[in-house]
Amino acid sequence: MANGDALIQHLLRRAGFGASPDELAAYSTLSYQDAVDRLLDYTAIIDTVDSKIGQPGYIGTTSRGAFSPNTVIDDARQRWLFRMIHSERPLQEKMTLFWHNYFATGYSKIAGKVTAPHATRLMAAKPSEDPAGQRGQIEMFRDMALGSLRDLLLAVAQDPAMLIWLDGDTNTKAKPQENFGRELMELFSRGVGYYTESDVYAAARVFTGWNLKIDGSLSSASPTFSFVYNANQHETSAKTFSFPIYPDGSTTIPARAASAGMQDGLDLITALASHPETARRVATKLYGYFVSETIPPDPAFINQLASIYLQNGTAIKPVVQAIFLSPQFQDPAVSYTRYSWPVEFVVRAIKETGWQGFTTGAVLGPLVTMGQHLYDPPDVAGWDLGRAWFSSGSMLARMNFAAVLASNQKFNLARAATVARSTPRDVLEFLLSRLSVDVGPAVYSDLLGYAAAGLTWTGSDAQLQIKAPGLAHLIVGSADYQVI
Amino acid sequence: MSITRRAFIKNGVTAFTVGVTAPAFLSDLARSQAASSSRNLVVLDLSGGNDGLSLLVPYTDAFYYSRRPTLAIPAGLVLQVGTDVSGKALGLHPRLTGLRDIFNQGRLALIQRVGYENSSRSHFSGTDIWEAANPSNPQGSGWVGRYLATLPAPLDPLIAWNTTGETPLAFQASSVPVASIPSLSSYAFSSPNSGAEAARERAAAASIASHVPIDRPQVAFVGTTVQGALATLDRVASVATYKPSLAYPNNGFGQALQAVAGALAQGVGTKVFWVQTGGFDTHASQDTTGDNGAYVRLMATLNDGLTAFYNDLRNLGLLNDTLLLSFSEFGRRINENGSRGTDHGAASVMIAMGGAVRGGLYGTAPSLAPDPQNPTLENSGNDVHYETDFRTVYARVIDNWLGGDSVAVLGGNFRKSGIEFV
């Protein structure tokens, strides 16, 4: 494989979810710079992916009754997986997943408060399809995937799902609620060690009156959920922080009339978004996501990314662009070193192995055992990444998913492998050209040994139907395949 | 059956090259390690920050009632467990009837006001601190893992059994394998082929995993995980056949405890287990007494699971070999908030249960008088201040139960008198 191809493949694994053979062929005609531009400027590509659900040629879905991704959470999960597999805007889905982990919000708690169908609406509804035009949190992240963090923080602070998730709906002047204020500083902006307990109390007071309004009954089909600023629940006194809030260095949000008190939250969010601590933290998170979780970033590189973030009004797109164009990202030494997330693993396995006759419904159970239940992260800090994805139980789940997929694709794989039927080695080479993996000689030798074991090779359809899925299972279930 | 045995440590990962059907050697190893002591430890994580004041209620403290107008449990409802050494009367949450029975049998210890200086109010830092047993640098390895690392190497891959999907920091340490088994039924090797071909795939998978590329630490780490999985499959399958002597609750916590009892009953050689039950982050609608109240449901899960586990082990004759120890990342604020819940606090209560436990109340309850000078409180009288460092509890378990050296494991001498619960 030419180096250029290797770099494009690396880009597609990191900026997207890997590539099907057709996608790889299309991207391979582009220069690296053009491939980066195509991924980043995705708004130039019309977003038609949802219209392909249920069409021939694409992965299927499984649901009880009509497919209802706006009101049934398992269907919402399947729609998102479908998008990851088939979207022509892979970076948009990749960034949406990033924000889902960054602002990790759990469906279950919301369902407990507002019932399952409405919780699904609050997490996943597409406004154009919702009877009340409700926009789910994940749709919001899709819309703002490469936008500014300041805008995202504000949208999240007013997002109905978040208002329920971190109890903002109960934040009143008599009893300020600390949950959102704490996580805003600990997880969404500055980070642990860069705020004090008294900052938490002050932030709780800042957001008093930032509540949730529900119009209509929960038992009806389409109550609307919206953010409301309740001036009579806002605590109006001054709030002082341990860090600057205003450009002049002032650390105190002044006392304001209740009617003007919503400005407190806007001031705090604007300040937090543009703090250098936040800039470095976001840059470090994006570095970990796209470049490496295991090689500590060069502080100069993080500072460079943080500067780009601050110079561009907290915009994320220029930061991501700078990462893709950096030597750090393109260094061959970082290729195949990042532990794949479970959804990255299953989506890439499907894109590379094949999906004709397979369904996103078959992915849901295995993903839970692998440790990533979409729309239901374990807590507000999101999933533990890196090595934490790999325990003996979760690795068995990956290996067993590889078996399920290979078994399902048995005939497709065998048919595709007929071009390579002359020897077991040719069949192995064919699969290694299709499945992106970097195997060393010892593993190659084991795979070849398996391909030739237990039979006298004739290359018959029957033999291909045994060995092609057997090899796909072993490769996709190998340690080597778990890194991207 | 021939088995190659080649253990080495590289980049913090232990690697074995083992034959496909490893269990004979491994169970010999397991037996030899278990032979030194049949004692085991079950660590229970009550995740979210458990409200110790609702679990062990200071029902004679007037400030408990004035500071918690809707959440305080009426004195008439608590399950009285006598007075602590300071003379303060205490009662268990009314839903903990099974635990009260175990308390009355002298096999349940309640250790009050456990925590540490400058208690973290962050779930994530707090949990890491408790698991690492290191408030200043809570990362890298955990207290149980460091204890296991002191046992003779190589460690059996089933020495540590985690019933959740993610390996807890508490069990992690260089060269310590941890088997994570969230579900017994899915802990198996499947294949697109059957019969002899499936066996060839399993043999190939084992061989592939035996190559640990030293220049590729990520692949080496995952490969070691695959080895651990393949080496433990057959013994875990034997646990799946365990028929308990009584019915466990049909929830995740109950099923996890049933798996632990099964592993003990089948004698698979595991020394430490990790179980977890969550939902303790009761910021809103904590409801401590309603039929379907949030905290009542938490206590029901806890009580019913632990009671089944205790009685099952008693029926198996394994009670004296087992110590269960619970922790939570922090307690909760004394005053209830405007959402009828409680925010993040500091010190809380730990539970120890088992046949060798000296039951009773340890430590002293806080006075809840909202006075900034009140020495049993902190944060201007808002939170419970710790009396016993959590590492003192760990030290007791390491030294007096596991037979280890707590000074080495904890990086300091935390031994203290007054909490001789085991």
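No experiment lies behind these values; they were computed from the predicted model shown.

> Please give an account of the overall build of chain B that cites residues and values.
Each helix and strand in chain B was counted, giving 12 helices and 16 strands. Against the 2.2 N^0.38 benchmark of 22 Å for 422 residues, chain B shows a C-alpha radius of gyration of 22 Å, consistent with a compact globule. With the principal axes as the frame, chain B shows a C-alpha extent of 70 × 45 × 40 Å. Counting every position in chain B, which comprises 422 residues, the buried fraction comes to 62%. Residue pairs at least 24 apart in sequence account for 70% of intrachain contacts in chain B once pairs closer than 6 positions are excluded.

> How would you summarise the side chain of T208 of chain A if you had to cite specific residues and measurements?
Residue and element names in this part refer to chain A. Along the polypeptide, T208 turns up in the loop between α12 (197-206) and β1 (210-215). Within the structure, T208 has its side chain in polar contact with the backbone nitrogen of E235 (distance 2.9 Å). Discounting residues that sit within four places of it in the chain, T208 has contacts with N171, T172, K173, P176, Y229, Q233, H234 and E235.

> Residue-level account of empty space enclosed by the protein, with values.
A probe matching the size of a water molecule, rolled over the atoms, marks out where space remains unfilled. Residues and elements named next belong to chain B. Tallying each qualifying case throughout the model produces 8 cavities of 30 Å³ or more. By volume, the largest cavity amounts to about 140 Å³. Residue assignment for the lining of the largest cavity shows that the elements contributing at least two residues are α2 (52-55), β7 (108-115) and β12 (348-354). Within the lining of the largest cavity, the residues separate by chemical class into 9 nonpolar, 4 polar and 3 charged.

> An account of the packing of aromatic side chains is requested, with residue identities and associated values reported.
The geometry of two aromatic rings is summed up by the distance between their centres and the angle between their planes. Residues and elements named next belong to chain A. For the coordinates displayed, the defined rule picks out 38 aromatic pairs over all chains. Relative to F141, the ring of F103 lies with its centre 5.7 Å away and its plane at 20°, an arrangement referred to as stacked. Pair noted here: F103 is in the loop between α5 (90-102) and α6 (107-114) and F141 is in helix α8 (residues 137-143), with a separation of 38 residues, a long-range link. With a relative accessible area of 0%, F141 lands in the buried category. Aromatic pair F241 and F243: ring centres 5.4 Å apart, planes at 25°, arrangement stacked. The exposure class of F241 is buried, given its relative accessible area of 5%. Taking NZ or CZ as reference, R13 lies 3.9 Å from the ring centre of Y336, over its face. It is R348 that lies over the ring of Y481; its NZ or CZ is 3.8 Å from the centre.

> Break down the pattern of salt bridges for me, citing the residues and quoting the values.
Taken as a whole, this structure holds 47 salt bridges over all chains when the rule is applied. With a closest N to O distance of 2.6 Å, K126 of chain A and D50 of chain A form a salt bridge. With K126 of chain A in the loop between α7 (116-124) and α8 and D50 of chain A in the loop between α3 (32-40) and α4 (73-86), this pair connects stretches of sequence that are 76 residues apart. Take K126 of chain A: its relative accessible area is 17%, and that puts it in the buried class. For D50 of chain A, a relative accessible area of 16% gives the class buried. In this structure, the salt-bridge partner of E197 of chain B is R200 of chain B, at a minimum N-O distance of 3.0 Å. Pair noted here: E197 of chain B and R200 of chain B are both in helix α7 (residues 195-210), with a separation of 3 residues, about one helical turn. Here the salt bridges do not stand alone but share partners, grouping D47, D50, R79, R83, E93, K126, E129, E139 and R142 of chain A into one network.

> Can you explain the sheet that holds strand β6 (residues 89-92) of chain B? Please cite residues and give values.
All names here are of chain B. The 3 strands are arranged β4-β6-β5 in an open sheet whose pairing can be described as antiparallel. Of all the strands in the sheet, just β4 (56-57) and β5 (79-83) have a single pairing partner and so form its edges. With respect to the sheet, helix α4 (residues 97-104) is in contact with β5 and β6, its orientation differing from that of β5 by roughly 35°.

> Explain helix α5 (residues 123-132) of chain B residue by residue, including any values.
Residue and element names in this part refer to chain B. Most of α5 sits inside the fold, with 9 of its 10 residues counted as buried. Listed in full, the buried residues belonging to α5 are H123, F124, S125, G126, T127, I129, W130, E131 and A132. Its side-chain oxygen at 3.1 Å from the backbone nitrogen of F124, S122 defines the N-terminal cap of α5. Immediately downstream of α5, the backbone of A133 shows phi near 55°, a positive value.

> Which residues make up helix α14 (residues 276-290) of chain A, and what are the values?
Residues and elements named next belong to chain A. If you check α14, its first and last C-alpha atoms are 21 Å apart, about what 15 residues at 1.5 Å a residue would give, namely 21 Å. Counting buried positions along α14 gives 11 out of 15 residues, so the element sits mostly inside the fold. Among the residues of α14, E277, T278, A279, R281, V282, A283, L286, Y287, G288, Y289 and F290 are the ones counted as buried.

> Please set out the packing of α3 of chain A against helix α16 (residues 317-324) of chain A residue by residue, giving values where relevant.
Residue and element names in this part refer to chain A. Relative to each other, α3 and α16 sit at 155°, their axes nearing to 11 Å. Between α3 and α16, the interaxial angle falls into the category roughly antiparallel. α16 is crossed by α3, and the crossing has right-handed handedness. Taken together, the residues of α16 that come into contact with α3 (itself represented by Y32, V36, D37 and L40) are K317, V320, Q321 and F324. Looking at the contact of α3 with α16 residue by residue, the classes come out as 5 nonpolar, 1 polar and 2 charged.

> Report on the confidence of the model for chain B, specifying residues and quantitative values.
Should pLDDT be low for a region, the predicted coordinates there are not to be read in detail. Averaged over every residue, the pLDDT of chain B is 90; residues scoring 70 or more account for 91%. The complex model carries a pTM of 0.81, and its ipTM stands at 0.94.

> Let's hear about the packing of α6 of chain A against α7 of chain A: which residues, and what values?
All names here are of chain A. Taken N-terminus to C-terminus, the directions of α6 and α7 make an angle of 130°; their axes are 7 Å apart at the nearest point. It follows from the interaxial angle that α6 and α7 lie oblique. As for the relative orientation of α6 and α7, their crossing is right-handed in sense. Here Y107, I110, A111 and V114 of α6 lie close against α7, whose contacting residues are A116, H118, A119, T120, L122 and M123. Split into classes, the residues belonging to the contact of α6 with α7 amount to 8 nonpolar, 2 polar and no charged.

> If you had to explain the environment of P58 of chain B to someone new, which residues and values would you point to?
Residue and element names in this part refer to chain B. Turning to its location among the elements, P58 is positioned in the loop between β4 and α3 (62-67). Given the relative accessible area of 1%, P58 is considered buried. On a C-alpha basis, the gap between P58 and L96 in space is 15 Å, while along the polypeptide they are 38 residues apart. Here P58 is in contact with L53, Y64, K88, A89, L90 and L368, once residues within four sequence places are set aside.

> Describe in detail unusual backbone geometry, supporting the description with residues and values.
Residues and elements named next belong to chain B. The peptide bond linking A153 to P154 adopts the cis configuration, its omega dihedral lying at -5°. Mapped onto the secondary structure, P154 falls in the loop between α6 (143-148) and β8 (160-162). Its identity is not glycine, yet R113 carries a phi of approximately 50°, on the positive side. Relative to the elements of secondary structure, R113 occurs in strand β7. For R113, a relative accessible area of 8% translates into the label buried. Located in the positive-phi region is N118, a residue other than glycine, with phi close to 55°. The residue N118 is located in the loop between β7 and α5 in this model.

> Give a description of the pairing of strand β3 (residues 40-46) of chain B that names residues and reports values.
All names here are of chain B. Of all 7 residues making up β3, 7 are buried, and the element is well covered by its neighbours. Going residue by residue along β3, you find N40, V42, L44 and L46 tucked away on one face and L41, V43 and D45 tucked away on the opposite face as well. For β3 and strand β11 (residues 322-327), the ladder comprises 6 bridges, and the chain directions are parallel. Directly across from D45, in β11, lies its bridge partner F327.

Thresholds, definitions, all that
- Residues numbered from 1 in each chain as written.
- Chains lettered and ligands numbered in written order.
- Predicted model: local features only at pLDDT ≥ 70, side-chain atom pairs only at ≥ 80, totals over all residues.
- Heavy atoms only, no water.
- Helix = DSSP H or I, 4+ residues; strand = E, 2+ residues; numbered from the N terminus.
- Rg over C-alpha atoms; globule rule 2.2 N^0.38 Å.
- Buried < 20%, exposed > 50% of the residue type's maximum accessible area, 1.4 Å probe, protein only.
- Contact = heavy atoms within 4.5 Å.
- Polar contact = N/O pair within 3.5 Å; in protein donor to acceptor, adjacent residues only side chain to side chain.
- 1 Å grid on protein atoms, 1.4 Å probe; cavity = no way out; pocket = protein on both sides within 12 Å on 5 of 7 lines; lining within 4 Å.
- Points joined across faces, edges and corners; volume = space filled by probe spheres on them.
- Nonpolar A, V, L, I, M, F, W, Y, C, P; charged D, E, K, R; others polar.
- Phe/Tyr/Trp six-rings, centres within 6.5 Å; stacked < 30°, edge-to-face > 60°.
- Lys NZ or Arg CZ within 6 Å of the ring centre and 35° of its normal.
- Salt bridge = Lys/Arg side-chain N within 4 Å of Asp/Glu carboxyl O.
- Pairing = 2+ DSSP bridges.
- Axes fitted to C-alpha atoms, helices over the stretch in contact; angles between N-to-C directions.
- Expected span 1.5 Å × (residues − 1).
- Parallel < 35°, antiparallel > 145°, perpendicular 65-115°, else oblique.
- Left-handed = near helix turned anticlockwise from the far one by under 90°.
- pLDDT = per-residue confidence, 0-100.

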